[in-house]
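Spelled out, the chains give:
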Amino acid sequence: MNRILAIIERDLRRFRRSPTLIIVSMVMPLVQLVVLGYAFGGKVQHLKVGILDQDRGLPAIKVREMAQAVAANARTFESIYYNDQATALRDLRDGKISGLLNIPPEFSRKELAGTNPKIALVEDNTDQFASSALEGSLTQLLAAYNQPALPARLGSNATLSVVEVYPYVPYIQFLLPGTIVLAIFVSAMIGGGIIFIDDKARGLHEGYLVTPIRKFELIVGFNLAGTAKAILTGLVLVTLGSIIAGIPDPLNVVRFARMMVLVVMTALALISLMFLLMVRVSDPLVPRAIFGVLNTVLFFPSGAVYPIQAFPPWMRVITAVDPFTYAVHGFKQLILKNSSLTAIGGDLVYLALFTLISISAATLLFRRTL
Amino acid sequence: MFAVEVENLAKRFGDFLAVDHLNFNVQNGEIFGLLGPNGAGKSTLIRMLTTLMPPSEGTARIDGFDIVTQANQVRQCIGVIPQAMTSDLDLTAMENMNIFAKLYGIGREKRKETIAALLKAVDLEQWADKPVKMFSGGMRRRLEIARGLVHEPNLFFLDEPTTGLDPVSRVAVWEMLAKLKRERELTILVTTHYMDEADKLCDRIAIIDHGKMMALDSPLKLKASIPGKNILEAGFSSVPPGWDATLKALPDVAEVKAVESVFRISSNNGPRTTTALLEAVRAAGLTLTSLSVQSTTLDDVFVHYTGHQLRDTLQTAAGYSSAFMYESKNG
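Residues numbered from 1 in each chain as written. Chains lettered and ligands numbered in written order. Predicted model: local features only at pLDDT ≥ 70, side-chain atom pairs only at ≥ 80, totals over all residues.

Topic: the overall build of chain A
Going by this rule: Helix numbering and strand numbering both begin at the N terminus, where a helix is a DSSP run of H or I of at least 4 residues and a strand a DSSP run of E of at least 2. As defined in this context, the radius of gyration uses C-alpha atoms, and a globule is described by 2.2 Å times the residue total to the power 0.38. Here a residue counts as buried when 20 or more other C-beta atoms fall within 10 Å of its C-beta, as exposed when 12 or fewer do, and as partly exposed in between; the C-beta atoms come from the backbone. What counts as a contact here is a pair of residues whose C-beta atoms, placed from the backbone, lie within 7 Å.
Looking only at helices and strands, chain A has 14 helices and 4 strands in total. The C-alpha atoms of chain A give a radius of gyration of 29 Å, which is well past the 21 Å a tight globule of 370 residues would have. Sorting the 370 residues of chain A into buried and exposed places 39% on the buried side. Nonlocal contacts in chain A, meaning residues at least 24 apart in sequence, comprise 81% of its contacts between residues at least 6 apart.

Structure follows, in structure tokens:
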């Protein structure tokens, strides 16, 4: 046991003396959380929409006034008026406007005759987020336009009442579970991957191998040393990340204790994965070459940034075996739903099994000689 | 019982035979040198003896323990200083020592006492709490020597301990090793490619080349084993036919070898042979381009047994050296 503790002590002392490593492991994921959280979380606003009124009748004026109301209040878009179609279409193609609302010449006549008047939206569909926001806003605008001045005496339209079980979840909070897992993974990549191989290449492991330390003690020591650093990173992300993301009651002791259980299990699973990948590697360039891709392959299929239900079947296979998936799901339950450990029992069991299988495989592959 | 017993030990890397069926013993309390160029198989041999690498054939016993079947007992009784400097730069000297003492399972009180004594022995007492990254190469090597002795081993393996050090640090390291050997009754097995070091400090020397043992004896006996007491090295403006025979016919000449364009003449009487050589050169109408006369050195011994100079091999081998010593498995 003392030998295992000696390996952990050595690693933690080095970690403590490397401010750059601490910053990369702990501060950078927080920066990522803030940047990504606010980059994706906001509502689309101030899109430029051209309005070409070829009708100029009273109903057309009503549409234009409603568009101005949107520009003044919701600010989803700003109106730019055009007198000729060619200029408007050219500006659309040049990216000066995101869409063109075309009110055709016969609009007022058809409206008054009750013969299905139509307004055209010509949109720049290269940006799906912007075009969806624009369509949504203009659909709402036309729904309001179509409301009768006087409501029918007997209403017969079915409506949907939405009841939200949890308080509103901004995107930055939705992203927090994934960010915590990613930070633990980055720590595992640096501590369990890059530093492990660099130490091996510099001959530091040779120093271990000439001592009477057993193979089992070496493996446990290497893994626990990496896990200890990953837990520290997880601890910082769980506390500071919750405060930054605006989680209600961020320092709740019970929830914090539950999250620490999950942090430990996640760190163990990701460090053991890293150890398995690196156990036979001796070239320091290898971990650097594979980590960028590995990061993408594990993080994005986990549901951390986009719902799993939208993935194609082949990607769901990755999702099913990816330890990120279970860790992210667990943190979502604990952070966003304040669930108990029972709710994440399946996640904890999977992470424990994953750790066991990875460590067993790595032990078989590990050589106690050069 | 010998401190080290090597029997028919060999190591192959694919088709390449790095260590070619070596047999030798190291006696208790001696400094045993393995002399040879880079790539000769010295480091591979040391790695096998220190359990870092399994042998392909043969066996060896360290303090009576088999290096394959009793590897952990071997590790307990040896101290090892690998070729690469492996102390942790971010830790202090004391922390480096402490971590290794813990890896050997030494208790707190014993640890404190041993580390203090060792740091004093290698003159690093006042630097104990400084990070190793502040140390010079010589200081780091001294720290590693102390670290290798933290569990008080009987046998000390050092793989090129002075490579990369300046001449002053080299002398300091060797003096330290000689002192430690005297005080602690250590058996030391050391690899080097510095002839002068091996000559002054080793009780016995094994000359290794291409994985084979070419000679093994004390430096004195090795030098006496080759013909002649002096070596004349002479270069000529041109070499006429039969010149080799002319040189051999000079008085007191024991052996003549041409190493590239230079003739190495072993003589039992240097001054007489030199005078006769100058007359022979004049008579043949040649010009001497270089001439040196010296006593027999280990370098001459190396040339005699291997057929080439150690420095030539080093120059050739330099192109294959790697920053990552871990990978230079053929060393």
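Structural notes on the overall build of chain B
When its secondary structure is counted, chain B shows 12 helices and 14 strands. Principal-axis analysis of the C-alpha atoms places the extent of chain B at approximately 80 × 45 × 35 Å. Residue burial in chain B is summarised as follows: out of 331 residues, 44% are buried. Considering only contacts in chain B between residues 6 or more positions apart, those separated by 24 or more positions represent 70%.

With respect to unusual backbone geometry
Even without glycine at this site, Asn338(A) takes up a positive phi of about 50°. For Asn338(A), a count of 16 C-beta atoms within 10 Å corresponds to the partly exposed category. The backbone phi angle of Thr51(B) is positive, close to 70°, even though this residue is not glycine. Mapped onto the elements, Thr51(B) comes out in the loop between helix H1 (42-49) and strand E4 (57-62). Note on Thr51(B): 25 C-beta atoms within 10 Å, which makes it buried.

Focus: the interface of chain B and chain A
At the junction of the two partners, chain B supplies 26 residues and chain A supplies 25 residues. Secondary-structure elements contributing two or more residues to the side of chain B that touches chain A are helix H2 (71-77) and helix H3 (93-103) of chain B. No other element matches the 4 residues that H3(B) contributes to the side of chain B that touches chain A.

Quick look at the environment of Met176(B)
All names here are of chain B. As for its position among the elements, Met176 is in helix H6 (residues 167-184). Overall, the presence of 19 C-beta atoms within 10 Å leaves Met176 in the partly exposed class. Sequence-distant contacts of Met176, defined by excluding residues within four places in its chain, comprise Val122, Arg142 and Ile145.

A look at H1(B)
All names here are of chain B. Summarising burial for H1: 8 of the 8 residues are buried, a large majority. All of the buried residues in H1 are Lys42, Ser43, Thr44, Leu45, Ile46, Arg47, Met48 and Leu49. Of the residues flanking the end of H1, it is Thr51, one or two places downstream, whose phi is positive at about 70°.

With respect to the packing of helix H10 (residues 253-278) of chain A against helix H14 (residues 345-365) of chain A
Residues and elements named next belong to chain A. For clarity, the threshold we go by: To define axes, lines are fitted to C-alpha atoms, for helices over the stretch in contact only, and angles between the resulting N-to-C directions are given on a 0 to 180 degree scale. Roughly parallel means an angle under 35 degrees; roughly antiparallel means over 145; roughly perpendicular covers 65 to 115; every other angle is labelled oblique. Handedness of a crossing is defined here by the sense of rotation of the near helix relative to the far one, left-handed for an anticlockwise turn of less than a right angle and right-handed for a clockwise turn. Each residue gets one label: Ala, Val, Leu, Ile, Met, Phe, Trp, Tyr, Cys and Pro are nonpolar, Asp, Glu, Lys and Arg are charged, and the others, such as Gly, are polar.
Two elements in contact, H10 and H14, have axes separated by 8 Å at closest approach and are oriented at 25°. The orientation of H10 relative to H14 falls into the category roughly parallel. At the point where H10 passes H14, the crossing takes the left-handed sense. Each of Met265, Thr266, Leu268, Ala269, Ser272, Leu273, Phe275 and Leu276 in H10 lies in contact with H14, whose residues at this interface are Leu348, Leu351, Ala352, Phe354, Thr355, Ser358, Ile359, Ala361 and Ala362. Residue composition of the contact of H10 with H14, grouped by class: 13 nonpolar, 4 polar and no charged.

Let's talk about the sheet that holds strand E12 (residues 253-259) of chain B
All names here are of chain B. Note the following rule: Strand pairing requires that DSSP identify at least two bridges connecting the strands.
Across the sheet, 4 strands lie side by side as E12-E13-E11-E14; this open sheet has antiparallel pairing. The open sheet is flanked by E12 and strand E14 (288-295), the only strands paired with a single partner. Averaged over all pairs of adjacent strands, the angle between strand axes in this sheet comes to 15°, irrespective of strand direction. As paired elements, E12 and strand E13 (residues 262-267) share 6 bridges and run antiparallel to each other.

Considerations on the domain arrangement of chain B
Frequently, the measure chosen for interface size is the accessible area removed from exposure when the parts meet. To keep it simple, the criterion reads: Domain limits in this description derive from either an automatic procedure or a database domain assignment.
On domain assignment, one finds that chain B holds domain 1 (4-218) and domain 2 (227-295). Computed from C-alpha atoms alone, the centre-to-centre distance between domain 1 of chain B and domain 2 of chain B is 42 Å.

Here's the deal with the packing of H3(B) against helix H4 (residues 108-121) of chain B
The packing of two helices is summarised by the inter-axis angle and the distance between the axes. All names here are of chain B. Between H3 and H4, whose axes approach to 10 Å, the crossing angle comes to 130°. One finds that H3 runs oblique with respect to H4. Helix-helix and strand crossings are classified by hand; for H3 and H4 the assignment is right-handed. Where H3 abuts H4, its residues Ala93, Met94, Met97, Asn98 and Ala101 lie against Arg111, Thr114, Ile115 and Leu119.

With respect to the environment of Leu298(A)
All names here are of chain A. Tracing the chain through its elements places Leu298 in helix H11 (residues 285-299). When the C-alpha positions of Leu298 and Val321 are compared, they lie 9.6 Å apart, and in sequence the two are 23 residues distant. The contact partners of Leu298, leaving out residues within four places of it in the chain, are Phe185, Asp322 and Phe324.

Describing helix H1 (residues 2-16) of chain A
Test applied: The span expected for a helix works out to 1.5 Å for each residue beyond the first.
The end-to-end C-alpha separation of H1(A) is 21 Å, in line with the 21 Å expected for 15 residues at 1.5 Å each. Within H1(A), the full set of buried residues consists of Arg3(A), Ile4(A), Ala6(A), Ile7(A), Arg10(A), Asp11(A), Arg14(A) and Phe15(A).

Observations concerning the confidence of the model for chain A
To be explicit about the condition: pLDDT measures how confident the predictor is about each residue, on a scale from 0 to 100.
Taken over all residues, the pLDDT of chain A has a mean of 88, while the share at 70 or more is 97%. For chain A, the element scoring lowest by mean pLDDT is helix H2 (residues 19-41) of chain A, at 82; H14(A) scores highest, at 95.

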